[in-house]
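Observations on chain architecture
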Amino acid sequence: MGLFDVKIISEHFGVPEAKGLEYYERKGGYRNARKACGMAPESIAAEVQASNLRGRGGAGFPTAMKWSFVPKDADTVYLVVNADESEPGTFKDRHILFWNPHMLVEGMIIASVALKVRNAYIYIRGEMAREYQVLQAAIDEAYAKGYLGERIFGSGTSLDITVYRGLGAYICGEETALLSSLEGGRGWPRLKPPFPAVKGLWGKPTIVNNVETIANLPWILEHGGKAFADLGTGRSGGLRLVSVCGHVNKPGVYELPLTVTGRQLIDEVCGGIKGGRKVKGVIPGGVSMPVLAPDELDVPFEFDALQKDERIREVEVRPGQKFDLGGNRTLRTMAGSGGVVVMDDTTDITQAAWRIVHFFAEESCGQCTPCREGTGWLAQVAHRIAFDHGRAGDVDLLASIADGIAGNTICALGDAAAWPTLAFLTKYRDEFEAKVRNAHRPKGAA
Ligand SMILES: Cc1cc2nc3c(=O)[nH]c(=O)nc-3n(C[C@H](O)[C@H](O)[C@H](O)COP(=O)(O)O)c2cc1C
Ligand code: SF4
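Residues numbered from 1 in each chain as written. Chains lettered and ligands numbered in written order. Predicted model: local features only at pLDDT ≥ 70, side-chain atom pairs only at ≥ 80, totals over all residues. Heavy atoms only, no water.

1. A look at the environment of His12
Its place among the elements puts His12 in the segment before α1 (21-26). A C-alpha to C-alpha distance of 9.9 Å links His12 and Ile96, two positions 84 residues apart in sequence. Not counting the four nearest positions on each side in its chain, His12 is found in contact with Ala18, Tyr23 and Lys27. Within the local environment of His12, its side chain forms a polar contact with the side chain of Tyr23, the two groups lying 2.9 Å apart. (Helix = DSSP H or I, 4+ residues; strand = E, 2+ residues; numbered from the N terminus. Contact = heavy atoms within 4.5 Å. Polar contact = N/O pair within 3.5 Å; in protein donor to acceptor, adjacent residues only side chain to side chain.)

Written out as C-alpha coordinates, the structure is:
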(Lines give C-alpha, C1' and ligand atoms only; values in the text may rest on other atoms or scores of the structure.)
(Ligands and ions follow the chains in the order given, each with its own letter.)
Protein backbone atom coordinates (compact mmCIF):
# COMPACT_ATOMS: atom_id res chain seq x y z
CA MET A 1 0.00 0.00 0.00
CA GLY A 2 1.45 3.38 -1.00
CA LEU A 3 1.39 6.42 1.24
CA PHE A 4 -1.31 7.96 -0.97
CA ASP A 5 -3.55 4.98 -0.09
CA VAL A 6 -3.50 5.47 3.71
CA LYS A 7 -6.78 6.97 4.88
CA ILE A 8 -7.95 8.13 8.30
CA ILE A 9 -11.25 9.88 7.61
CA SER A 10 -12.18 9.36 3.98
CA GLU A 11 -11.99 5.58 3.53
CA HIS A 12 -15.76 5.20 3.33
CA PHE A 13 -16.60 8.43 1.51
CA GLY A 14 -19.07 7.59 -1.23
CA VAL A 15 -20.44 4.46 0.49
CA PRO A 16 -24.12 5.21 1.20
CA GLU A 17 -24.43 2.82 4.20
CA ALA A 18 -21.37 4.44 5.82
CA LYS A 19 -23.61 7.22 7.15
CA GLY A 20 -25.42 4.77 9.41
CA LEU A 21 -24.43 3.61 12.87
CA GLU A 22 -24.67 -0.09 12.03
CA TYR A 23 -22.02 0.17 9.27
CA TYR A 24 -19.82 2.49 11.34
CA GLU A 25 -19.81 0.09 14.29
CA ARG A 26 -19.16 -2.90 12.05
CA LYS A 27 -15.95 -1.15 10.96
CA GLY A 28 -14.86 -0.65 14.56
CA GLY A 29 -16.65 2.64 15.19
CA TYR A 30 -17.37 3.87 18.75
CA ARG A 31 -14.78 1.44 20.14
CA ASN A 32 -12.54 4.40 20.98
CA ALA A 33 -15.32 6.53 22.43
CA ARG A 34 -16.12 3.63 24.74
CA LYS A 35 -12.43 3.33 25.61
CA ALA A 36 -12.18 7.11 26.25
CA CYS A 37 -15.00 6.91 28.81
CA GLY A 38 -12.76 4.67 30.92
CA MET A 39 -9.65 6.83 30.53
CA ALA A 40 -8.30 9.72 32.58
CA PRO A 41 -8.76 13.03 30.73
CA GLU A 42 -5.02 13.68 31.02
CA SER A 43 -4.21 10.41 29.23
CA ILE A 44 -6.34 11.42 26.24
CA ALA A 45 -4.77 14.89 26.18
CA ALA A 46 -1.32 13.25 26.28
CA GLU A 47 -2.12 11.19 23.17
CA VAL A 48 -3.33 14.30 21.37
CA GLN A 49 -0.16 16.10 22.42
CA ALA A 50 1.99 13.23 21.10
CA SER A 51 0.02 13.18 17.83
CA ASN A 52 1.08 16.68 16.69
CA LEU A 53 -2.52 17.23 15.60
CA ARG A 54 -2.97 20.77 14.33
CA GLY A 55 -6.26 22.54 13.74
CA ARG A 56 -7.71 22.03 10.27
CA GLY A 57 -9.90 25.15 10.37
CA GLY A 58 -7.34 27.59 9.01
CA ALA A 59 -4.56 28.59 11.36
CA GLY A 60 -3.05 25.13 12.00
CA PHE A 61 -2.89 25.82 15.74
CA PRO A 62 -1.69 22.79 17.80
CA THR A 63 -4.83 21.18 19.22
CA ALA A 64 -3.30 19.93 22.48
CA MET A 65 -1.87 23.36 23.20
CA LYS A 66 -5.27 24.99 22.66
CA TRP A 67 -6.87 22.47 25.01
CA SER A 68 -4.19 23.17 27.64
CA PHE A 69 -5.36 26.80 27.89
CA VAL A 70 -8.61 25.76 29.59
CA PRO A 71 -8.26 26.71 33.28
CA LYS A 72 -7.82 23.56 35.37
CA ASP A 73 -10.41 24.67 37.94
CA ALA A 74 -13.16 25.52 35.42
CA ASP A 75 -16.59 24.37 36.59
CA THR A 76 -18.10 24.37 33.09
CA VAL A 77 -16.31 23.83 29.79
CA TYR A 78 -17.98 23.79 26.38
CA LEU A 79 -16.88 22.13 23.16
CA VAL A 80 -18.03 23.78 19.95
CA VAL A 81 -17.38 22.17 16.59
CA ASN A 82 -17.00 24.66 13.79
CA ALA A 83 -18.89 23.28 10.80
CA ASP A 84 -19.51 26.65 9.16
CA GLU A 85 -17.16 26.00 6.23
CA SER A 86 -17.86 29.10 4.15
CA GLU A 87 -14.37 29.84 2.87
CA PRO A 88 -14.58 29.90 -0.94
CA GLY A 89 -12.75 26.93 -2.43
CA THR A 90 -13.21 24.82 0.71
CA PHE A 91 -15.60 21.87 0.76
CA LYS A 92 -14.01 19.10 2.80
CA ASP A 93 -15.90 19.35 6.13
CA ARG A 94 -19.20 18.86 4.36
CA HIS A 95 -17.87 15.52 3.08
CA ILE A 96 -17.21 14.39 6.66
CA LEU A 97 -20.65 15.58 7.78
CA PHE A 98 -22.35 13.81 4.89
CA TRP A 99 -20.37 10.58 4.54
CA ASN A 100 -18.92 9.99 7.98
CA PRO A 101 -21.02 11.83 10.60
CA HIS A 102 -20.49 9.19 13.29
CA MET A 103 -16.74 9.74 13.18
CA LEU A 104 -17.35 13.36 14.13
CA VAL A 105 -19.72 12.34 16.94
CA GLU A 106 -17.19 9.79 18.21
CA GLY A 107 -14.42 12.41 18.08
CA MET A 108 -16.63 14.80 20.05
CA ILE A 109 -17.17 12.18 22.76
CA ILE A 110 -13.40 11.66 23.04
CA ALA A 111 -12.71 15.42 23.17
CA SER A 112 -15.49 15.91 25.71
CA VAL A 113 -14.02 13.32 28.07
CA ALA A 114 -10.59 14.93 27.72
CA LEU A 115 -11.95 18.42 28.39
CA LYS A 116 -14.64 17.43 30.94
CA VAL A 117 -17.41 18.78 28.76
CA ARG A 118 -21.07 18.05 29.55
CA ASN A 119 -22.66 20.03 26.70
CA ALA A 120 -21.21 20.25 23.21
CA TYR A 121 -22.43 22.08 20.10
CA ILE A 122 -22.01 21.82 16.37
CA TYR A 123 -22.41 25.10 14.50
CA ILE A 124 -23.28 24.09 10.95
CA ARG A 125 -23.50 26.39 7.97
CA GLY A 126 -27.18 27.07 7.21
CA GLU A 127 -26.95 26.24 3.52
CA MET A 128 -25.80 22.70 4.25
CA ALA A 129 -29.32 21.31 4.43
CA ARG A 130 -28.63 17.71 3.43
CA GLU A 131 -25.50 17.52 5.61
CA TYR A 132 -27.56 18.79 8.54
CA GLN A 133 -30.16 16.08 7.99
CA VAL A 134 -27.55 13.32 7.85
CA LEU A 135 -25.71 14.68 10.89
CA GLN A 136 -28.86 15.04 12.98
CA ALA A 137 -29.95 11.51 12.00
CA ALA A 138 -26.55 10.19 13.17
CA ILE A 139 -26.86 12.05 16.48
CA ASP A 140 -30.38 10.68 16.96
CA GLU A 141 -29.06 7.15 16.33
CA ALA A 142 -26.29 7.69 18.88
CA TYR A 143 -28.82 8.89 21.49
CA ALA A 144 -31.07 5.89 20.79
CA LYS A 145 -28.15 3.52 21.47
CA GLY A 146 -27.11 5.29 24.68
CA TYR A 147 -23.90 6.67 23.13
CA LEU A 148 -25.08 10.22 23.92
CA GLY A 149 -27.13 11.55 26.82
CA GLU A 150 -26.92 10.41 30.44
CA ARG A 151 -24.18 7.93 31.46
CA ILE A 152 -23.03 7.04 27.98
CA PHE A 153 -21.91 3.47 27.33
CA GLY A 154 -23.02 2.82 30.93
CA SER A 155 -20.09 4.90 32.19
CA GLY A 156 -20.07 7.88 34.56
CA THR A 157 -19.78 10.28 31.58
CA SER A 158 -22.80 12.21 30.29
CA LEU A 159 -22.79 14.25 27.10
CA ASP A 160 -25.39 16.13 25.09
CA ILE A 161 -24.73 17.39 21.57
CA THR A 162 -26.86 20.17 20.08
CA VAL A 163 -26.69 21.13 16.42
CA TYR A 164 -27.16 24.83 15.66
CA ARG A 165 -27.77 25.97 12.09
CA GLY A 166 -26.16 29.26 11.04
CA LEU A 167 -27.83 31.63 8.61
CA GLY A 168 -25.22 31.94 5.92
CA ALA A 169 -22.83 34.63 7.18
CA TYR A 170 -19.19 33.89 6.36
CA ILE A 171 -18.04 35.81 9.42
CA CYS A 172 -19.82 33.32 11.70
CA GLY A 173 -17.02 30.85 10.89
CA GLU A 174 -14.65 33.09 12.89
CA GLU A 175 -14.71 31.52 16.31
CA THR A 176 -15.73 34.51 18.43
CA ALA A 177 -18.42 35.60 15.95
CA LEU A 178 -19.63 32.01 15.95
CA LEU A 179 -19.94 32.03 19.74
CA SER A 180 -21.87 35.33 19.68
CA SER A 181 -24.22 33.87 17.09
CA LEU A 182 -24.63 30.68 19.13
CA GLU A 183 -25.56 32.82 22.14
CA GLY A 184 -28.33 34.35 20.04
CA GLY A 185 -26.53 37.62 19.33
CA ARG A 186 -25.22 39.23 16.20
CA GLY A 187 -22.28 37.38 14.62
CA TRP A 188 -19.69 40.01 15.50
CA PRO A 189 -16.12 38.97 16.28
CA ARG A 190 -14.75 39.88 19.70
CA LEU A 191 -11.28 41.17 20.46
CA LYS A 192 -8.84 38.49 21.62
CA PRO A 193 -7.57 38.03 24.30
CA PRO A 194 -9.44 36.71 26.16
CA PHE A 195 -9.39 33.64 23.95
CA PRO A 196 -12.42 31.36 23.94
CA ALA A 197 -10.47 28.63 25.76
CA VAL A 198 -10.49 30.98 28.75
CA LYS A 199 -13.68 32.98 28.19
CA GLY A 200 -15.97 31.71 25.47
CA LEU A 201 -19.58 30.65 25.24
CA TRP A 202 -21.65 32.46 27.90
CA GLY A 203 -18.34 33.56 29.44
CA LYS A 204 -17.21 29.97 30.11
CA PRO A 205 -14.05 28.27 28.82
CA THR A 206 -14.83 26.94 25.35
CA ILE A 207 -12.83 24.93 22.88
CA VAL A 208 -13.70 25.68 19.28
CA ASN A 209 -12.35 23.08 16.88
CA ASN A 210 -12.90 22.37 13.23
CA VAL A 211 -14.85 19.29 12.05
CA GLU A 212 -11.79 17.60 10.52
CA THR A 213 -9.67 18.27 13.60
CA ILE A 214 -12.16 16.43 15.81
CA ALA A 215 -12.79 13.62 13.31
CA ASN A 216 -9.12 12.59 13.63
CA LEU A 217 -9.46 11.74 17.33
CA PRO A 218 -10.85 8.17 17.08
CA TRP A 219 -7.86 7.17 14.92
CA ILE A 220 -5.44 8.81 17.37
CA LEU A 221 -6.91 6.87 20.27
CA GLU A 222 -6.96 3.63 18.28
CA HIS A 223 -3.37 3.79 17.02
CA GLY A 224 -1.73 6.12 19.53
CA GLY A 225 -0.56 9.69 19.17
CA LYS A 226 2.90 8.70 18.00
CA ALA A 227 1.57 6.72 15.04
CA PHE A 228 -0.40 9.80 13.97
CA ALA A 229 2.66 12.02 14.35
CA ASP A 230 4.70 9.51 12.29
CA LEU A 231 2.20 9.77 9.43
CA GLY A 232 2.92 13.48 9.24
CA THR A 233 6.05 15.54 8.95
CA GLY A 234 7.93 17.95 11.21
CA ARG A 235 5.56 19.57 13.72
CA SER A 236 2.41 18.43 11.89
CA GLY A 237 0.87 15.02 12.45
CA GLY A 238 -1.51 12.93 10.38
CA LEU A 239 -2.88 13.36 6.89
CA ARG A 240 -4.95 16.20 5.51
CA LEU A 241 -8.18 16.55 3.59
CA VAL A 242 -7.81 18.94 0.69
CA SER A 243 -10.61 20.09 -1.57
CA VAL A 244 -9.40 20.97 -5.04
CA CYS A 245 -11.35 23.08 -7.53
CA GLY A 246 -10.60 25.10 -10.63
CA HIS A 247 -8.86 24.14 -13.85
CA VAL A 248 -7.83 20.56 -13.06
CA ASN A 249 -9.03 17.36 -14.70
CA LYS A 250 -10.12 15.73 -11.45
CA PRO A 251 -11.35 18.24 -8.87
CA GLY A 252 -12.56 16.75 -5.59
CA VAL A 253 -11.77 15.99 -1.96
CA TYR A 254 -8.60 13.99 -1.28
CA GLU A 255 -7.01 12.79 1.95
CA LEU A 256 -3.27 13.08 1.45
CA PRO A 257 0.08 13.02 3.22
CA LEU A 258 1.25 16.46 4.28
CA THR A 259 4.40 16.04 2.21
CA VAL A 260 2.52 16.25 -1.10
CA THR A 261 3.62 19.31 -3.04
CA GLY A 262 1.40 21.58 -5.07
CA ARG A 263 2.80 20.16 -8.28
CA GLN A 264 2.18 16.58 -7.20
CA LEU A 265 -1.32 17.51 -6.19
CA ILE A 266 -2.09 18.92 -9.61
CA ASP A 267 -0.26 16.39 -11.77
CA GLU A 268 -0.43 13.11 -9.84
CA VAL A 269 -3.62 13.47 -7.81
CA CYS A 270 -5.83 15.71 -9.94
CA GLY A 271 -4.78 14.45 -13.40
CA GLY A 272 -3.12 17.69 -14.52
CA ILE A 273 -4.49 20.96 -15.85
CA LYS A 274 -7.54 20.76 -18.12
CA GLY A 275 -6.79 20.73 -21.83
CA GLY A 276 -3.05 20.33 -21.14
CA ARG A 277 -2.75 24.04 -20.42
CA LYS A 278 -0.21 25.64 -18.09
CA VAL A 279 -0.81 26.57 -14.48
CA LYS A 280 -0.81 30.28 -13.73
CA GLY A 281 -1.49 30.40 -10.00
CA VAL A 282 -2.61 28.21 -7.11
CA ILE A 283 -4.37 29.32 -3.94
CA PRO A 284 -3.38 26.68 -1.38
CA GLY A 285 -5.82 27.07 1.51
CA GLY A 286 -9.01 28.95 0.72
CA VAL A 287 -9.17 32.40 -0.88
CA SER A 288 -7.94 34.10 2.31
CA MET A 289 -4.51 32.73 1.53
CA PRO A 290 -1.97 34.37 -0.76
CA VAL A 291 -1.59 32.80 -4.21
CA LEU A 292 1.44 30.76 -5.25
CA ALA A 293 3.06 31.41 -8.62
CA PRO A 294 3.94 28.46 -10.91
CA ASP A 295 7.58 28.39 -9.75
CA GLU A 296 6.48 28.06 -6.10
CA LEU A 297 4.66 24.76 -6.37
CA ASP A 298 7.43 22.37 -5.34
CA VAL A 299 6.73 23.06 -1.67
CA PRO A 300 4.76 20.57 0.46
CA PHE A 301 1.26 21.88 1.17
CA GLU A 302 1.96 21.70 4.90
CA PHE A 303 1.47 24.40 7.54
CA ASP A 304 5.10 25.30 8.29
CA ALA A 305 6.48 24.66 4.81
CA LEU A 306 4.04 27.04 3.15
CA GLN A 307 4.39 29.74 5.72
CA LYS A 308 8.11 29.81 6.16
CA ASP A 309 10.31 31.34 3.55
CA GLU A 310 13.43 33.01 4.76
CA ARG A 311 13.73 34.86 1.47
CA ILE A 312 10.51 36.76 2.01
CA ARG A 313 10.52 38.67 5.28
CA GLU A 314 9.17 41.71 3.57
CA VAL A 315 7.68 42.22 0.17
CA GLU A 316 8.00 45.09 -2.23
CA VAL A 317 4.42 46.01 -3.00
CA ARG A 318 5.31 49.04 -5.05
CA PRO A 319 8.61 50.53 -6.14
CA GLY A 320 10.54 51.63 -3.09
CA GLN A 321 7.91 50.58 -0.56
CA LYS A 322 8.22 47.37 1.42
CA PHE A 323 5.38 45.64 3.18
CA ASP A 324 6.48 43.88 6.36
CA LEU A 325 4.13 41.42 7.99
CA GLY A 326 6.42 41.10 10.99
CA GLY A 327 7.44 38.09 13.09
CA ASN A 328 7.46 34.82 11.26
CA ARG A 329 4.45 35.77 9.18
CA THR A 330 5.57 36.14 5.65
CA LEU A 331 3.71 36.91 2.51
CA ARG A 332 4.56 33.46 1.32
CA THR A 333 1.24 31.84 2.17
CA MET A 334 -0.50 29.36 4.50
CA ALA A 335 -2.10 25.94 4.28
CA GLY A 336 -5.30 27.49 5.66
CA SER A 337 -8.49 25.52 5.26
CA GLY A 338 -7.13 23.06 2.69
CA GLY A 339 -9.22 24.59 -0.10
CA VAL A 340 -7.01 24.57 -3.19
CA VAL A 341 -8.00 26.74 -6.15
CA VAL A 342 -6.08 26.07 -9.37
CA MET A 343 -5.99 28.71 -12.11
CA ASP A 344 -4.69 28.01 -15.61
CA ASP A 345 -3.03 30.45 -18.00
CA THR A 346 -6.36 31.65 -19.41
CA THR A 347 -7.21 33.19 -16.04
CA ASP A 348 -7.40 36.96 -15.84
CA ILE A 349 -5.63 37.44 -12.52
CA THR A 350 -6.99 40.95 -12.09
CA GLN A 351 -10.53 39.58 -12.32
CA ALA A 352 -9.71 36.74 -9.92
CA ALA A 353 -8.35 39.30 -7.44
CA TRP A 354 -11.47 41.45 -7.81
CA ARG A 355 -13.78 38.46 -7.29
CA ILE A 356 -12.00 37.61 -4.05
CA VAL A 357 -11.95 41.11 -2.55
CA HIS A 358 -15.56 41.60 -3.61
CA PHE A 359 -16.44 38.55 -1.51
CA PHE A 360 -14.69 39.99 1.55
CA ALA A 361 -16.33 43.39 1.07
CA GLU A 362 -19.72 41.64 1.04
CA GLU A 363 -18.91 39.57 4.10
CA SER A 364 -17.22 42.20 6.30
CA CYS A 365 -19.33 42.56 9.44
CA GLY A 366 -18.70 46.30 9.37
CA GLN A 367 -17.58 46.54 12.96
CA CYS A 368 -14.15 48.08 12.40
CA THR A 369 -13.35 50.90 10.04
CA PRO A 370 -10.23 49.62 8.20
CA CYS A 371 -12.10 46.47 7.18
CA ARG A 372 -15.54 47.97 6.57
CA GLU A 373 -14.25 50.87 4.47
CA GLY A 374 -11.07 49.24 3.22
CA THR A 375 -12.63 46.10 1.76
CA GLY A 376 -15.21 48.25 -0.03
CA TRP A 377 -12.47 50.40 -1.52
CA LEU A 378 -10.43 47.35 -2.47
CA ALA A 379 -13.41 45.96 -4.33
CA GLN A 380 -14.08 49.24 -6.14
CA VAL A 381 -10.51 49.85 -7.25
CA ALA A 382 -9.94 46.18 -8.15
CA HIS A 383 -13.14 46.29 -10.21
CA ARG A 384 -11.93 49.37 -12.08
CA ILE A 385 -8.65 47.69 -12.94
CA ALA A 386 -10.15 44.32 -13.82
CA PHE A 387 -12.89 45.69 -16.05
CA ASP A 388 -10.90 48.21 -18.07
CA HIS A 389 -11.70 51.41 -16.21
CA GLY A 390 -8.43 51.60 -14.29
CA ARG A 391 -6.87 55.00 -13.66
CA ALA A 392 -3.22 55.99 -13.39
CA GLY A 393 -2.05 55.21 -9.86
CA ASP A 394 -4.72 52.56 -9.23
CA VAL A 395 -2.24 49.71 -8.77
CA ASP A 396 -0.38 51.60 -6.06
CA LEU A 397 -3.69 52.70 -4.57
CA LEU A 398 -4.85 49.09 -4.31
CA ALA A 399 -1.62 48.13 -2.54
CA SER A 400 -1.86 51.04 -0.17
CA ILE A 401 -5.48 50.23 0.80
CA ALA A 402 -4.51 46.62 1.48
CA ASP A 403 -1.51 47.80 3.47
CA GLY A 404 -3.81 49.96 5.59
CA ILE A 405 -6.12 47.06 6.44
CA ALA A 406 -3.57 44.35 7.28
CA GLY A 407 -2.95 44.00 11.00
CA ASN A 408 -5.36 46.80 11.92
CA THR A 409 -8.62 44.97 12.47
CA ILE A 410 -10.47 43.08 15.19
CA CYS A 411 -10.51 39.74 13.40
CA ALA A 412 -8.55 38.11 10.61
CA LEU A 413 -11.12 38.85 7.88
CA GLY A 414 -9.30 42.12 7.26
CA ASP A 415 -6.00 40.28 6.74
CA ALA A 416 -7.80 37.72 4.63
CA ALA A 417 -8.70 40.49 2.18
CA ALA A 418 -5.37 42.31 2.38
CA TRP A 419 -2.83 39.48 2.13
CA PRO A 420 -4.15 37.88 -1.06
CA THR A 421 -4.42 41.31 -2.68
CA LEU A 422 -0.80 42.07 -1.87
CA ALA A 423 0.30 38.67 -3.12
CA PHE A 424 -1.56 39.11 -6.41
CA LEU A 425 -0.01 42.56 -6.83
CA THR A 426 3.47 41.32 -6.01
CA LYS A 427 3.46 38.25 -8.18
CA TYR A 428 1.43 39.49 -11.17
CA ARG A 429 2.10 43.22 -11.04
CA ASP A 430 2.76 43.46 -14.79
CA GLU A 431 -0.71 42.15 -15.50
CA PHE A 432 -2.35 44.79 -13.29
CA GLU A 433 -0.27 47.55 -14.85
CA ALA A 434 -1.03 46.38 -18.37
CA LYS A 435 -4.75 46.44 -17.57
CA VAL A 436 -4.51 50.05 -16.42
CA ARG A 437 -2.37 51.04 -19.40
CA ASN A 438 -4.88 49.54 -21.80
CA ALA A 439 -7.97 50.79 -19.99
CA HIS A 440 -10.73 52.40 -22.09
CA ARG A 441 -9.21 51.04 -25.29
CA PRO A 442 -11.56 49.17 -27.59
CA LYS A 443 -10.84 45.44 -27.51
CA GLY A 444 -8.33 44.41 -30.17
CA ALA A 445 -6.92 47.96 -30.61
CA ALA A 446 -3.15 48.02 -31.05
C1 LIG B 1 -13.24 35.18 8.78
C2 LIG B 1 -12.94 33.82 9.32
C3 LIG B 1 -13.72 32.73 8.94
C4 LIG B 1 -13.46 31.46 9.45
N5 LIG B 1 -14.23 30.41 9.04
C6 LIG B 1 -13.99 29.17 9.54
C7 LIG B 1 -14.79 28.05 9.17
O8 LIG B 1 -15.73 28.17 8.35
N9 LIG B 1 -14.52 26.84 9.72
C10 LIG B 1 -13.50 26.67 10.63
O11 LIG B 1 -13.29 25.56 11.13
N12 LIG B 1 -12.71 27.70 11.00
C13 LIG B 1 -12.95 28.94 10.49
N14 LIG B 1 -12.18 29.99 10.91
C15 LIG B 1 -11.16 29.74 11.95
C16 LIG B 1 -11.82 29.74 13.33
O17 LIG B 1 -11.83 31.08 13.82
C18 LIG B 1 -11.06 28.87 14.34
O19 LIG B 1 -9.72 29.25 14.34
C20 LIG B 1 -11.15 27.38 14.05
O21 LIG B 1 -12.49 26.95 13.96
C22 LIG B 1 -10.44 26.61 15.16
O23 LIG B 1 -10.45 25.23 14.90
P24 LIG B 1 -9.11 24.40 14.73
O25 LIG B 1 -8.17 24.81 15.82
O26 LIG B 1 -9.55 22.99 14.86
O27 LIG B 1 -8.56 24.73 13.39
C28 LIG B 1 -12.41 31.27 10.38
C29 LIG B 1 -11.62 32.37 10.76
C30 LIG B 1 -11.87 33.62 10.22
C31 LIG B 1 -11.02 34.77 10.64
S1 SF4 C 1 -12.09 42.75 10.54
FE2 SF4 C 1 -13.96 43.02 9.32
S3 SF4 C 1 -15.15 41.20 9.74
FE4 SF4 C 1 -13.58 41.31 11.36
S5 SF4 C 1 -14.54 42.45 13.02
FE6 SF4 C 1 -13.56 43.98 11.76
S7 SF4 C 1 -15.16 44.64 10.31
FE8 SF4 C 1 -15.85 42.71 11.22
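2. Overview of the site of ligand 2
What surrounds ligand 2 is a group of 13 residues, the closest being Cys365, Gln367, Cys368, Cys371 and Cys411. In terms of residue class, the shell around ligand 2 is made up of eight nonpolar, five polar and no charged. (Near = heavy atom within 4 Å. Nonpolar A, V, L, I, M, F, W, Y, C, P; charged D, E, K, R; others polar.)

3. As for the nonpolar core
Counting residues in hydrophobic clusters, the biggest one holds 63 residues, and the most contacted among them are Tyr30, Ile109 and Ile122. It is helix α6 (residues 101-115) that contributes the most residues to this core, ten residues altogether. Mapping this core onto the domain boundaries places at least three of its residues in each of domain 1 (3-231) and domain 2 (239-436). Setting aside chain neighbours within four positions, we find Tyr30 in contact with Leu21, Tyr24, Glu25, His102, Val105, Glu106, Ile109, Ala142, Tyr147 and Phe153. By size, the runner-up hydrophobic cluster in this structure holds 57 residues, among which are Leu178, Val341, Ile349 and Val395. (Core = buried A, V, L, I, M, F, W, Y, C linked by side-chain atoms within 4.5 Å. Buried < 20%, exposed > 50% of the residue type's maximum accessible area, 1.4 Å probe, protein only. Domains from an automatic or database assignment.)

4. Observations regarding the sheet that holds strand β10 (residues 339-344)
The pairing of strands in a sheet happens through backbone hydrogen bonds and is either parallel or antiparallel. Strand order in the open sheet made by the four strands is β6-β5-β10-β7, with mixed pairing throughout. Single-partner strands in this sheet number two, and they are β6 (252-257) and β7 (279-283). Neighbouring strand axes in the sheet, compared pairwise and without regard to direction, differ in orientation by 30° on average. Its contacts with the sheet put helix α12 (residues 262-269) on β5 (239-246), β6, β7 and β10, and the angle it makes with β6 is roughly 125°. (Pairing = 2+ DSSP bridges. Axes fitted to C-alpha atoms, helices over the stretch in contact; angles between N-to-C directions.)

5. Considering unusual backbone geometry
Phi is mostly negative for residues that are not glycine, and the peptide bonds are mostly trans. Cis geometry is adopted by the peptide bond preceding Pro193, which originates at Lys192 and carries an omega value of -5°. Of note, Pro193 is situated in the loop between α8 (175-182) and β4 (206-210). In the segment running from Pro193 into Pro194, the intervening peptide bond is cis, with an omega of 0°. Looking at where Pro194 falls in the secondary structure, it is placed in the loop between α8 and β4.

6. Examining the domain arrangement of the protein chain
Domains assigned within the protein chain are domain 1 (3-231) and domain 2 (239-436). Look at where the C-alpha atoms of domain 1 and domain 2 centre, and you get two points 29 Å apart. Tallying the contact residues gives 36 residues for domain 1 and 34 residues for domain 2. With both chains or domains summed, domain 1 and domain 2 bury close to 2,900 Å², and 64% of this area falls on carbon and sulfur atoms. Summed over the three residues of domain 1 that lose the most area to domain 2, namely Phe4, Arg56 and Tyr170, the buried surface amounts to 21% of that side. At the boundary of domain 1 with domain 2, the tally comes to zero salt bridges. Summed over the shared surface of domain 1 and domain 2, the number is 15 residue pairs in polar contact (both at pLDDT 80 or more). Residues belonging to the side of domain 1 that touches domain 2 are distributed by class as follows: 17 nonpolar, ten polar and nine charged. (Buried area = accessible area lost by both parts, 1.4 Å probe. Salt bridge = Lys/Arg side-chain N within 4 Å of Asp/Glu carboxyl O.)

7. Re the pairing of strand β2 (residues 119-124)
Of all six residues in β2, five are buried; the element is thus mostly enclosed. As defined by bridge partners, strand β1 (residues 78-83) adjoins β2 across six bridges and the pair is classed as parallel. Paired with Tyr78 across the strands is Asn119, a residue of β2. Of the pairings in the sheet, the one linking β2 to strand β3 (residues 160-165) comprises six bridges and is parallel in character.

8. Comments concerning the side chain of Arg56
Looking at the secondary structure, you find Arg56 in the loop between α3 (41-51) and α4 (63-68). A polar side-chain atom of Arg56 sits 2.8 Å from the main-chain carbonyl oxygen of Arg54. In this structure the side chain of Arg56 is engaged in a polar contact, spanning 2.6 Å, whose partner is the backbone oxygen of Leu239.

9. A word on the sheet that holds β3
On the basis of which strands lie adjacent, the open sheet formed by four strands has the order β3-β2-β1-β4 and parallel pairing. Strands with a single pairing partner mark the edges of an open sheet, and in this sheet they are β3 and β4. If you compare each strand with its neighbour and ignore which way they point, the axes differ by 20° on average. Its contacts with the sheet put α6 on β1, β2, β3 and β4, and the angle it makes with β1 is roughly 150°.

10. Some remarks on the packing of helix α14 (residues 349-363) against helix α18 (residues 429-437)
Two elements in contact, α14 and α18, have axes separated by 9 Å at closest approach and are oriented at 95°. One element, α14, and the other, α18, form an angle in the roughly perpendicular class. Contact residues: Ile349, Thr350, Gln351 and Ala353 in α14; Glu431, Phe432 and Lys435 in α18. (Parallel < 35°, antiparallel > 145°, perpendicular 65-115°, else oblique.)

11. A word on the site of ligand 1
Lining the immediate surroundings of ligand 1 are 17 residues, of which Gly57, Lys66, Glu175, Asn210 and Thr213 lie closest. Contact distances for ligand 1 include 3.3 Å between a nitrogen atom and a backbone N or O atom of Gly173. Between ligand 1 and Glu175 there is a distance of 2.9 Å, counted from an oxygen atom to a backbone nitrogen or oxygen. In the complex, 88% of the free accessible area of ligand 1, which totals 620 Å², lies under the protein chains. With three residues, β4 is the largest single contributor of residues to the shell around ligand 1. Broken down by class, the residue content of the shell around ligand 1 amounts to three nonpolar, eight polar and six charged. (Areas by Shrake-Rupley, 256 points an atom, 1.4 Å probe, with all protein chains shown as cover.)

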